[in-house]
Amino acid sequence: MIEMQNVWKNYPNGTIALQGISVHIGKSDFVYVVGPSGAGKSTFIKLMYREENPTKGEIFVNGFNIGRLKPRKVPLLRRSLGVVFQDFKLLPRLTAYENVAFALEVIGAQRQIKRRVREALDWVGLVDKADVLPEHLSGGEQQRIAIARALVNNPTVIIADEPTGNLDPETSWGIMKVFQRINDRGTTVVMATHNKDIVNTLRKRVIAIENGRIARDEAKGTYEYED
Amino acid sequence: MMGRHLREGVKNLIRNSWMSVASVGAVAITLLILGAALLIAFNAQQMSQYVAGQLQVNVYLKQQVTKAQAQQIVGEVQNMPGIRSVQYVSKEEGFKQLEQMIGTQYHDVLGGLSQANTLPDKLIVKAANPQDTVTVAKEIQAVPGVDKVDSGQQVVNRLLAFLSVLRNIGLAFVLGLLVTAMFLISNTIKITIFSRRREIEIMKLVGATNWFIRWPFLTEAMLIGFIGAAIPFAILTLGYRSLYVHVGGVFPILTFPLLPVSAVAIKLFGVMLLIGLFVGIWGGIMSIRKFLRV
Ligand SMILES: Nc1ncnc2c1ncn2[C@@H]1O[C@H](COP(=O)(O)OP(=O)(O)O)[C@@H](O)[C@H]1O
Ligand SMILES: [Mg+2]
């Protein structure tokens, strides 16, 4: 599913964000990526959907060789993934329904858009908010819409960079339940997070990155940082 | 799919209304000047063709030349190489022709003039080859008894030279304007790209292809070019049509027939549309390449 072998990432300004990452994430895994600020978690995530290119090393995601992927093929990789962010990235002028449908329309999908969008909204429990604009939704609801958008194309992997970073604890738990359900249906989940409480309660595999290196990789691991 | 791109392109155009108006205006003004120049050029071509077909040299004899001497000169000119025909018009005949041309209405104007002093004897000479008209005219000038030689070609040449200078100035001017229009379009597209950067970001994220992302912006740019061509085209054809009707299809003074509206409209539309679209696409691509890193 996701395979990294001795991956390095140097940014043009000289920062070495990742120094020799090797990791394997299998189908239906649920992985937390933890570590101090600036450790390289976001870079690790960005490499997976080819927002950044590795400087060295091999990365395979859903069968795509990231380092050698032609720009023309990047859209195909992205269609096999769903990506969720801390800031939701919804389009303010579109309703919840339209935001989700947007993801299908812009990849040229024609068939059954309505049904698929309803289904995705159903997954996150927001069918009744379909016609509401994001500004009239709570933070948690907005994040659910973003998750529905990531899900609507039936990806095999969901990648999330601090999806609960902007949410209060109670709302965060609601979001985690959604991720758990997504994982239960067989979708791989990779989530960078600072949420100690969640990592230590909903126990999953933990990959800890420090200084661009993997410091720990434990099944049913714990957070172990004081934020 | 193209339907969506067109819809988005129109949306961009409307959302960005002030910049769109400025860009369309720039293209329209440029093409208005270019189109007007083209109309003149088309007709200038027509003029030179028409006038070349009936080129003749008017040879005026000196007042003191007698009828007998005139006949001698006619013979002499007839024997020169490259001459097709020589027609002798005596001053009396010339006067009658003038009378006819001006018409009875203005007869009084001529009535007061003494016939003998108004007009010189005239020879109307045609060269075998219209291009030789000027050479022939020069040779005839050397014949004794000849006063003035007037070849229509000279007038045409002067007019054509003037028009070509005008055309070159116009062309440089239009070229400058085209570049300006292109930069305005490129700037408009840049602003659109900027105002839609969130959508672009999400499109990339969910796997839209590069061309899918580019098309609405390219469509917007082409629409600017298209509208910028359509407006001056409408103005020019309507203007030309009313001019055509007003002068009865014949250009005053030089009296050559103007090209009919239908004949110029097609060519004009083709050229203007092509240039409009070209400027639009060019300006669009400039911005897309620079600001739409996909
Ligand atoms: N686009 C970039 N250009 C230069 N340096 C960057 C860029 N993105 C991240 N970095 C640097 O790379 C390191 C890792 O950053 P990041 O992956 O965002 O860490 P984390 O998500 O764990 O906080 C940091 O030192 C950060 O400043
Ligand atoms: Mg980060």
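Residues numbered from 1 in each chain as written. Chains lettered and ligands numbered in written order. Predicted model: local features only at pLDDT ≥ 70, side-chain atom pairs only at ≥ 80, totals over all residues. Heavy atoms only, no water.

Draft legend 1. Quick look at the overall build of chain B. The number of helices and strands found in chain B is 11 helices and four strands. Residues counted as buried form 41% of the 294 residues belonging to chain B. Within chain B, contacts between residues separated by at least 24 positions form 82% of all contacts whose residues are at least 6 apart in sequence. Here chain B displays about 16,200 Å² of accessible surface, and carbon together with sulfur accounts for 65% of that area. (Helix = DSSP H or I, 4+ residues; strand = E, 2+ residues; numbered from the N terminus. Buried < 20%, exposed > 50% of the residue type's maximum accessible area, 1.4 Å probe, protein only. Contact = heavy atoms within 4.5 Å. Areas by Shrake-Rupley, 256 points an atom, 1.4 Å probe, with all protein chains shown as cover.)

Draft legend 2. Up close: the site of ligand 1. All names here are of chain A. In the vicinity of ligand 1, the contacting residues are Tyr11, Asn13, Thr15, Ala17, Pro36, Ser37, Gly38, Ala39, Gly40, Lys41, Ser42 and Thr43. A distance of 2.8 Å separates an oxygen atom of ligand 1 from a polar atom in the side chain of Ser42. The fraction of the free accessible surface of ligand 1 (560 Å²) that becomes covered by protein chains is 65%. Among the elements that make up the shell around ligand 1, the one with the highest residue count is helix α1 (residues 41-48) (three residues). Looking at the shell around ligand 1 residue by residue, the class counts come to four nonpolar, seven polar and one charged. (Near = heavy atom within 4 Å. Polar contact = N/O pair within 3.5 Å; in protein donor to acceptor, adjacent residues only side chain to side chain. Nonpolar A, V, L, I, M, F, W, Y, C, P; charged D, E, K, R; others polar.)

Draft legend 3. Representation of the domain arrangement of chain B in the model. For chain B, the domain assignment lists domain 1 (2-52 + 156-291) and domain 2 (56-150). Its C-alpha centre places domain 1 of chain B at a distance of 50 Å from the equivalent point of domain 2 of chain B. (Domains from an automatic or database assignment.)

Draft legend 4. Expanded view of the sheet that holds strand β4 (residues 56-61) of chain A. Residues and elements named next belong to chain A. Read from one edge to the other, the open sheet built from four strands follows the order β2-β1-β4-β5, with strand pairing classed as antiparallel. Each edge of the open sheet carries a strand with a single partner, namely β2 (16-25) and β5 (64-65). Summarising the sheet, β4 and β5 pair through two bridges and their orientation is antiparallel. Counted as the bridge partner of Val61 is Phe64 from β5. (Pairing = 2+ DSSP bridges.)

Draft legend 5. Expanded view of the pattern of salt bridges. Residues and elements named next belong to chain A. For the structure on display, the rule yields 13 salt bridges over all chains. Notably, a salt bridge pairs Glu141 with Lys129, separated by 2.9 Å at the nearest N-O pair. One end of the pair, Glu141, is in helix α5 (residues 139-151); the other, Lys129, is in the loop between α4 (113-123) and α5, and 12 residues separate them in sequence. We classify Glu141 as buried; its relative accessible area is 18%. Note that Glu224 and Arg216 form a salt bridge whose closest N and O atoms lie 3.7 Å from each other. Residue classification places Glu224 among the exposed positions, given a relative accessible area of 53%. (Salt bridge = Lys/Arg side-chain N within 4 Å of Asp/Glu carboxyl O.)

Draft legend 6. Fine view of helix α3 (residues 67-78) of chain B. Helix length check: α3 of chain B (12 residues) gives 17 Å between terminal C-alpha atoms against 16 Å at 1.5 Å per residue, within 8%. Close packing links the buried residues of α3 of chain B with β1 (57-61), β2 (83-89), β3 (122-127), α7 (133-141) and β4 (146-151) of chain B. (Expected span 1.5 Å × (residues − 1).)

Draft legend 7. Summary view of the nonpolar core. All names here are of chain A. Ranked by size, the top nonpolar core spans 90 residues in total, and within it Tyr32, Val117, Ile147 and Phe179 carry the most contacts. Sequence-distant contacts of Phe179, that is, excluding residues within four places in its chain, are made with Phe30, Val84, Ile147, Ile158, Ala160, Pro163, Val189 and Met191. Of all hydrophobic cores here, the second largest spans 32 residues; its members include Ile2, Val74, Ile207 and Ile209. (Core = buried A, V, L, I, M, F, W, Y, C linked by side-chain atoms within 4.5 Å.)

Draft legend 8. Representation of the pairing of strand β10 (residues 213-218) of chain A in the model. Residues and elements named next belong to chain A. Pairing of strand β9 (residues 205-210) with β10, which is carried by five bridges, proceeds in the antiparallel orientation. Among the inter-strand pairings, Ile207 is bridged to a residue of β10, identified as Asp217. Connecting β9 to the next strand, β10, in antiparallel fashion are two residues, including Asn211 with a positive phi near 55°.

Draft legend 9. Spotlight on the environment of Val125 of chain B. Residues and elements named next belong to chain B. Tracing the sequence through the fold places Val125 in strand β3. When the C-alpha positions of Val125 and Gln141 are compared, they lie 12 Å apart, and in sequence the two are 16 residues distant. Ignoring sequence-local partners within four residues, the contact set of Val125 consists of Gln56, Val57, Val59, Val77, Ile83, Ser85, Val86, Val136 and Ile140.

Draft legend 10. The arrangement of α4 of chain A in detail. All names here are of chain A. Of all the positions in α4, only Ile113, Val117, Ala120 and Leu121 are classed as buried. Burial along α4 is one-sided: seen end-on, the buried residues are contained in an arc of 100°. The secondary structure elements touched by the buried residues of α4 are α3 (96-105) and α5. At the exit of α4 stands Gly125, carrying a positive phi of roughly 75°. (Arc of directions from axis to C-beta.)

Draft legend 11. Region of interest: the interface of chain B and chain A. Taken together, the contacts link 16 residues of chain B with 19 residues of chain A. For the pair chain B and chain A, the summed buried surface comes to about 1,600 Å²; carbon and sulfur atoms form 63% of the total. Sorting the residues of chain B by area buried against chain A places Ile202, Leu205 and Val206 of chain B first, and these three jointly supply 38% of that buried surface. At the boundary of chain B with chain A, the tally comes to one salt bridge. For Lys89 of chain A, the salt bridge is made with Glu201 of chain B, and the minimal N-O distance between the two is 2.8 Å. Those elements that provide at least two residues to the side of chain B that touches chain A are α1 (2-15), α9 (197-206) and α10 (210-247) of chain B. Residue contributions to the side of chain B that touches chain A peak at eight residues, all from α9 of chain B. (Buried area = accessible area lost by both parts, 1.4 Å probe.)

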